[in-house]
Amino acid sequence: MSEKNETESTSTRPYLIRAIHEWCCDNGYTPHITVSVDHSVQVPLEYVKDGEIVLNVGLTATTGLQLGNDYIVFKARFSGVARDIMVPVDQVIAIFARENGQGMAFPQISRPEPSPEPEAPKPTSSPRPTLKRIK
């Protein structure tokens, strides 16, 4: 790993997620996260709506919950089937208490789209140029 220079610091997002999660648990609320789903997110795709999924990250709904600096990882049951969940912290767009909606939303981090393959130039059928006579 490379060292961070003095002006670069780590994101506050994972720390805020952990803080709101702890606040929810301490106050008897059920913490949920809203996740923007793309190829980097491992969730049951059948529960994704409009590119997002809301996940219960309460201690009673998860097994092996790890709220890390880069990923949120846990096991959860969906329709009785245990599934492995892995969410990059950058894909979390909100964490909130289910009971009252209090929590925090985060700006979505835009990732560069993979550039499409360059297309071969298509032959054009342009009319022949007209030549002018020079006198």
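Here, every reference points to the structure presented above.
What you see is a predicted model; the values in this text were computed from it and never measured.

*Asks:* With reference to specific residues and values, describe unusual backbone geometry.
*Replies:* Notably, aspartate 50 is not glycine yet its phi reads approximately 55°, a positive angle. By relative accessible area, which is 82% here, aspartate 50 ends up exposed.

*Asks:* Quick one: what's the story with the packing of aromatic side chains, residue by residue and with numbers?
*Replies:* Counted under the stated rule, the structure contains two aromatic pairs. Judged by centre distance (5.3 Å) and plane angle (45°), the rings of tryptophan 23 and tyrosine 29 are tilted. Assessed through its relative accessible area of 31%, tryptophan 23 is described here as partly exposed.

*Asks:* Give a description of the environment of alanine 105 that names residues and reports values.
*Replies:* Residue placement: alanine 105 occurs in strand S7 (residues 103–105). Sequence-wise, alanine 105 and valine 92 are 13 residues apart; in three dimensions their C-alpha atoms are separated by 8.5 Å. Leaving out residues up to four positions away in the same chain, alanine 105 has contacts with Ile93 and Ala94.

*Asks:* Before we move on, can you summarise the pattern of salt bridges with the specific residues and values?
*Replies:* Tallied over the entire structure, the rule returns three salt bridges. Here aspartate 84 ties to lysine 75 by a salt bridge, and the two come within 2.7 Å at their closest N and O atoms. On the basis of relative accessibility, which here comes to 42%, the residue aspartate 84 falls in the partly exposed class. Between glutamate 99 and arginine 98 there is a salt bridge, with its nearest N and O atoms 3.5 Å apart. The partly exposed category is assigned to glutamate 99, whose relative accessible area is 39%. With relative accessibility at 51%, the residue arginine 98 sits in the exposed group.

*Asks:* Describe the sheet that holds strand S4 (residues 71–78), with residues and values.
*Replies:* Backbone hydrogen bonds hold the strands of a sheet together, and the pairing may be parallel or antiparallel. On the basis of which strands lie adjacent, the open sheet formed by three strands has the order S3-S4-S5 and antiparallel pairing. Unpaired on one side and paired on the other, strand S3 (62–67) and strand S5 (81–88) mark the two borders of the sheet. Taken pair by pair, the neighbouring strands of this sheet meet at an average axis angle of 20°, ignoring direction. The pairing of S3 with S4 spans four bridges and is antiparallel. Of the residues in S4, the one forming a bridge with leucine 67 is isoleucine 72.

*Asks:* With reference to specific residues and values, describe the pairing of S4.
*Replies:* Residues Ile72, Phe74, Ala76 and Phe78 line the buried face of S4, whereas the alternating positions Tyr71, Val73, Lys75 and Arg77 sit on a face that is not buried. In sequence, S3 turns back onto S4 through a hairpin of three residues. Taken together, S4 and the strand that follows it, S5, pair antiparallel across an intervening segment of two residues, in which serine 79 is found at a positive phi of about 50°.

Conventions adopted
Residues numbered from 1 in each chain as written. Predicted model: local features only at pLDDT ≥ 70, side-chain atom pairs only at ≥ 80, totals over all residues. Heavy atoms only, no water. Buried < 20%, exposed > 50% of the residue type's maximum accessible area, 1.4 Å probe, protein only. Phe/Tyr/Trp six-rings, centres within 6.5 Å; stacked < 30°, edge-to-face > 60°. Helix = DSSP H or I, 4+ residues; strand = E, 2+ residues; numbered from the N terminus. Contact = heavy atoms within 4.5 Å. Salt bridge = Lys/Arg side-chain N within 4 Å of Asp/Glu carboxyl O. Pairing = 2+ DSSP bridges. Axes fitted to C-alpha atoms, helices over the stretch in contact; angles between N-to-C directions.

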